[in-house]
Amino acid sequence: QLQLVESGGGLVEPGGSLRLSCAASGLTLDYYAIGWFRQAPGKEREGVSCISSNSVSTSYANSVKGRFTIARDNAKNTVYLQMNSLKPEDTAVYYCAAGPMLYCDDSYDYNPLDFGSWGQGTQVTVSS
C-alpha cells in the first residue's frame, strides 16, 4: 500500500523559506496527483497546492500564489512544496495526499475525497 511521509517543517521567521518533502514508499507516485493541505489550530483543513501525475498541471490556493511552488521528482518518488515569503498565517500542520489519476489545474476545488492516501503531517510555524 502507498505510504506518504512529510518532512521539512520547522520554525521560521516571517519572510523566511522552507521546503517540504512528501516521500512515498510501497508504490510509485507516477500515476498519482499529489495535493498539499494544511490545518491551523481551530481552523478547518484547507487545500494549498496540487500537482497532476504528469506534472503538466498545478494548482495553488489564492493565499499562497506567488509564494509557494510545487514540484515532483518521480525518479525519487517525492513531491516538494517550496514555501517562500512565509507569513504567520501560514502556520499549520501540512499534509500531503495522493489521488490516483487525478488532474488538478488552477480551478481545482481540493476535494479531500479525491485522495486515498495521506501522510502524518509536518508542523510549520512562522513566528518572530
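Per chain, residue numbering runs from 1 following the sequence as it is written. Per-residue local features of the predicted model are confined to residues with pLDDT of at least 70, and side-chain atom pairs are confined, for both listing and counting, to 80 or more; whole-chain, interface and lining totals are unaffected and use all residues. Calculated side-chain values reflect all of the structure's heavy atoms, with hydrogen atoms and water omitted.

(A) Structural context of the overall build of the protein. Here a strand is any run of E in DSSP of at least two residues, a helix any run of H or I of at least four, and the numbering for each starts at the N terminus. Along the backbone of the protein there are zero helices and 11 strands. Rg of the C-alpha trace for the protein: 13 Å, near the compact-globule value of 14 Å for 128 residues, within the 12% margin. Sorting the 128 residues of the protein into buried and exposed places 47% on the buried side. Of the contacts made within the protein by residues no fewer than 6 positions apart, 62% connect residues no fewer than 24 positions apart. Put simply, the radius of gyration uses C-alpha atoms, and a globule should come to 2.2 Å times the residue count raised to 0.38. A 1.4 Å probe rolled over the protein chains alone gives each residue an accessible area, and that area as a share of the maximum for its type sets the label: buried under 20%, exposed over 50%, partly exposed in between. Contacts were defined at the residue level, with two residues in contact if any of their heavy atoms lie within 4.5 Å.

(B) Expanded view of the pairing of strand β4 (residues 32-39). The element β4 is largely enclosed, with a buried count of seven among its eight residues. By the bridge criterion, eight bridges tie β4 to strand β9 (residues 92-100) in an arrangement that is antiparallel. Within β9, the position partnered with G35 by the bridge is A97. Note on pairing: DSSP must find at least two bridges between two strands before they are called paired. Alignment of β4 against strand β5 (residues 46-51), held across five bridges, turns out to be antiparallel. Looking at β5, one finds that G35 is bridged to C50. Between β4 and β5, which pair antiparallel in sequence order, lie six residues; one of them, G42, sits at a positive phi of approximately 75°.

(C) Focus on the sheet that holds strand β7 (residues 68-73). With respect to topology, four strands assemble into an open sheet ordered β1-β3-β8-β7, the strand pairing being antiparallel. The open sheet is flanked by β1 (3-7) and β7, the only strands paired with a single partner. Going across the sheet, the axis of each strand differs from the next one's by a mean of 15°, ignoring polarity. Summarising the sheet, strand β3 (residues 18-25) and strand β8 (residues 78-83) pair through six bridges and their orientation is antiparallel. Note on β8: the bridge partner recorded for C22 is V79. Every axis in this analysis is a line fitted to C-alpha atoms, fitted for helices over the stretch in contact. Angles between the N-to-C directions lie between 0 and 180 degrees.

(D) The state of the cysteines, seen in detail. Cysteine sulfur atoms that pair up within 2.5 Å are treated as a disulfide. All chains considered together, the criterion is met by two disulfides. The disulfide partner of C22 is C96, and the S-S distance across this bridge is 2.1 Å. Measuring handedness by torsion sign, the sulfur bridge of C22 and C96 sits at about 70° and is right-handed. Taken together, the residues C22 in strand β3 and C96 in strand β9 connect sequence positions 74 residues apart. Judged on exposure class, the residue C22 and its partner C96 are both buried. The residue that forms a disulfide with C50 is C104, at a sulfur-sulfur distance of 2.1 Å. Handedness here is read from the sign of the S-S torsion; for C50 and C104, about -80°, the answer is left-handed.

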